[in-house]
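# Architecture at a glance
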Amino acid sequence: MKQIKPLKPKQNLIALFISAAGFIVYFWFIDRSFIGKLSSAVAIPLVLIYGIASYFWEKNADKKAHFSHPDLLDGSYFSSPDWREKFLEYSQSKGWDKVKSKSMKADVCRRSNNGYSRAAILYGSFFTVCGIALLFSPFSVWKSALILIFGAAILSYAIYRFTGGHFRKWLKSFPGDINELEHSYMTGKLLVFKNSGINIGNSYTFYFRKKTCGAFPVNDIVYANRKIVHLKKYQNSLFAGDEYLHFLVVKNRSGSCFEVQLNEFQVEMALNELNLLINSSDSKNEIVESFDNSIITP
């Protein structure tokens, strides 16, 4: 779904009042129905109240971001005593994740078995069974066939994702030594966050995300840094909160790079480990702003 960039807070509030005035004019002077008038009298004030509250909420969030962004960029946030204490507690209690399978392929594929894939398998199976059953009923044959094809397509893709198909495909075209990659992964240090993760081994640094994966030889890595995304969330262009997402960015000699999402403590752990391997202590932070505007329609 294409994202619609919301207006600035003041512009958004003005647009909301103009829209409200338009609805009032329509329901009270054009439509003139009792239900229309009643709905506008109840709904429009509630929307305006929420819009005004959202405006001040967003302004307050922007004010906080204005003061926090410099600390994130220069690293003072991550070097503060409070944060270092939380980081030490996290690294000691949670630490590195464990490889839970007997091979790299089995471990990576196992991590593809997430709730979305399982739900999609059930969804696809339901429509596939319904399509087959409807073929033997008085229901239209071509409509039954469409339902069957729809269900089979969802089921096939869900199984492909569930069994780590994207990783298997990538592994077949891997240009390096697979045995060396396997040994590097099995003896490496692993961090997993949601649908993504990174394994830092002696020979290769392997990463995986929801739909992609890849590996860099450790000797080719020249730089690693932290990327912070300030994500502002909207619902129907009205501010609904914000959060900071943390990414590890790794670059190699050829100039290509990959980024993988982790939590803020995992990024610090990965940076410390990578900087030891590439013999570097220079890693700058990068911060960008993004948005997620969920358009909800009746």
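Structural data are supplied above this passage.
Below is a summary of the structure that appears in this document. (Residues numbered from 1 in each chain as written. Predicted model: local features only at pLDDT ≥ 70, side-chain atom pairs only at ≥ 80, totals over all residues. Heavy atoms only, no water.)

### Remarks on the overall build of the protein chain
What counts is decided by this rule: Counting from the N terminus, the helices are DSSP H or I runs at least four residues long and the strands are E runs at least two residues long. When accessible area is computed with a 1.4 Å probe and restricted to protein chains, residues below 20% of their type maximum are described as buried, those above 50% as exposed, and intermediate ones as partly exposed. Only heavy atoms matter for contacts: two residues are in contact if any of them lie within 4.5 Å across the pair. Where accessible areas are quoted, they stem from the Shrake-Rupley method and a 1.4 Å probe; at the residue level, only the protein chains shown are allowed to cover. We score Asp and Glu as negative and Lys and Arg as positive, and we do not count His or the chain ends. Every charge is mapped to an atom, namely NZ of Lys, CZ of Arg, CG of Asp or CD of Glu.
In terms of regular secondary structure, the protein chain is built from nine helices and eight strands. Along the first, second and third principal axes, the C-alpha atoms of the protein chain reach 75 × 65 × 35 Å. Considering the protein chain as a whole, with its 298 residues, one finds that 38% of them fall into the buried category. Counted over contacts in the protein chain with a minimum sequence separation of 6, partners at least 24 positions apart contribute 64%. When the accessible surface of the protein chain is summed, it comes to about 17900 Å², and 62% of that surface belongs to carbon and sulfur atoms. Separation between the mean location of the 36 positive side-chain charges and that of the 24 negative ones in the protein chain comes to 9 Å.

### Quick word on the sheet that holds strand β2 (residues 196-200)
Backbone-to-backbone hydrogen bonds pair the strands of a sheet. The strands run either parallel or antiparallel. Note the cut-off: Pairing between strands is defined by DSSP: at least two bridges between the two strands are required. Every axis corresponds to a line fitted to the C-alpha atoms, with the helix fit spanning only the stretch in contact, and the corresponding angles, defined between N-to-C directions, vary from 0 to 180 degrees.
Spatial strand order, β1-β2-β3-β4: four strands in an open sheet with antiparallel pairing. Two strands in the sheet have a free side with no partner beyond their single neighbour: β1 (189-193) and β4 (213-217). Neighbour-to-neighbour, the strand axes of this sheet turn through a mean angle of 10 degrees, independent of strand direction. Here five bridges tie strand β3 (residues 204-208) to β4, and the two strands are oriented antiparallel to one another. Looking at β4, one finds that Thr-205 is bridged to Phe-216. On the sheet, helix α8 (residues 178-187) packs against β1, β2, β3 and β4 and is oriented at approximately 75 degrees with respect to β3. Relative to β1, helix α9 (residues 264-277) is tilted by about 150 degrees, and along the sheet it contacts β1, β2 and β3.

### Remarks on the environment of Asn-252
Using the following cut-off: Pairing of N or O atoms within 3.5 Å defines a polar contact, subject to two protein rules: one partner must be a possible hydrogen donor and the other a possible acceptor, and residues neighboring in sequence count only if both atoms are side-chain atoms.
Within the secondary structure, Asn-252 is located in strand β6 (residues 238-252). Look at Asn-252 and you get buried, because its relative accessible area is 10%. Separated by 28 residues in sequence, Asn-252 and Ala-224 have C-alpha atoms that sit 9.0 Å apart. Non-local contacts of Asn-252, meaning those with residues more than four positions away in its chain, are made with Phe-216, Asp-220, Ile-221 and Val-222. A distance of 2.8 Å separates the side chain of Asn-252 from the side chain of Ser-254, its partner in a polar contact.

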